[in-house]
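Understanding the architecture of this molecule
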Amino acid sequence: AVAAAMFSAVGVQAQTTSAAQSNTVGQTGSIAKLDSGDEKALKDMAQANINEIAAAKIALSKAQSSEVKAFAQQMVNDHGGALTKVQAVAQQKGVTLPTEPDAMHKTMAANLEKQSGDAFDKMYMENAGTKDHQMVLSKLQSDAKMIKDPDVKALADAHTPVVEQHLKSAQQINK
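Residues numbered from 1 in each chain as written. Predicted model: local features only at pLDDT ≥ 70, side-chain atom pairs only at ≥ 80, totals over all residues. Heavy atoms only, no water.

Right, let's talk about helix 5 (residues 117-146) for a bit. End to end, helix 5 covers 42 Å across 30 residues, agreeing with the expected 44 Å (1.5 Å per residue, within 8%). Of all the bends in helix 5, the greatest measures close to 30° and is centred on Asp-132. (Helix = DSSP H or I, 4+ residues; strand = E, 2+ residues; numbered from the N terminus. Expected span 1.5 Å × (residues − 1). Bend = angle between axes of the 7 residues up to and from the residue.)

Right, here's the structure in full:
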């Protein structure tokens with residue numbers, strides 16, 4: 001619920017900011033393009049959400065533990081909502097986002113598909129749960145320091161505490 005509230009607050013802020021930017025459109029009639037760092041940060045956020053959703057969907061069908069299934073459902077809900085926000089900003093900014101998991105996560109998905117029972121639960125929680133969230137958190141924190149665009153910055157700032165919470169949850173389940 002906290003995550004949903006944060007993401008909807010960011011949605012409102014992003015809409016307000018983009019409305020203000022629409023009013024400052026240049027004489028060419030196009031919105032100023034994002035700089036390459038901001039565009040990369042937006043694509044990174046989209047990719048992280050896509051990767052998490054894909055792994056979580058596998059976990060929803062294969063996880064044995066109810067705790068792992070609940071975690072996977074939370075990932076689908078939170079990362080699905082976050083991806084929608086990222087896509088909205090990307091559309092406003094004219095940025096084309098990835099639409100499927102990256103190569104590393106396709107490989108992880110293939111490996112997850114081969115597992116079952118406790119082995120599946122352990123592999124999913126270690127990889128999609130802990131390692132991915134550590135990696136995404138690190139990237140978000142470093143990207144956030146460099147982001148110039150206020151809409152992209154708002155997304156990164158909203159994603160960070162959610163990813164931190166996911167990491168804490170994953171670490172608890174892994175114990």
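From this point on, the discussion continues.
What follows covers the nonpolar core. By size, the foremost hydrophobic cluster in this structure holds 24 residues, and its most contacted members are Leu-42, Met-45, Val-86, Leu-97 and Val-152. Secondary-structure elements contributing two or more residues to this core are helix 2 (36-62), helix 3 (66-93), helix 5 and helix 6 (150-174). In terms of residues, this core owes the most to one element, helix 2, which gives seven residues. When sequence neighbours within four positions are dropped, the list of residues in contact with Val-152 reads Leu-34, Asp-38, Ala-41, Leu-42, Met-45, Val-89 and Ile-147. Met-108, Leu-112, Phe-120 and Tyr-124 belong to the second-largest nonpolar core, a separate cluster that totals 18 residues. (Core = buried A, V, L, I, M, F, W, Y, C linked by side-chain atoms within 4.5 Å. Buried < 20%, exposed > 50% of the residue type's maximum accessible area, 1.4 Å probe, protein only. Contact = heavy atoms within 4.5 Å.)

A separate point is the packing of helix 2 against helix 5. The interhelical angle for the contact between helix 2 and helix 5, taken along N-to-C directions, is 165°, at an axis separation of 11 Å. Between helix 2 and helix 5, the angle falls in the class roughly antiparallel. Where helix 2 crosses over helix 5, the handedness of that crossing is left-handed. Here helix 2 contributes Asp-38, Lys-40, Ala-41, Asp-44, Met-45, Ala-48, Glu-52, Ala-55, Ala-56, Ile-58, Ala-59 and Lys-62 to the contact with helix 5, which in turn contributes Phe-120, Asp-121, Tyr-124, Ala-128, Asp-132, His-133, Val-136, Lys-139, Leu-140, Asp-143 and Met-146. (Axes fitted to C-alpha atoms, helices over the stretch in contact; angles between N-to-C directions. Parallel < 35°, antiparallel > 145°, perpendicular 65-115°, else oblique. Left-handed = near helix turned anticlockwise from the far one by under 90°.)

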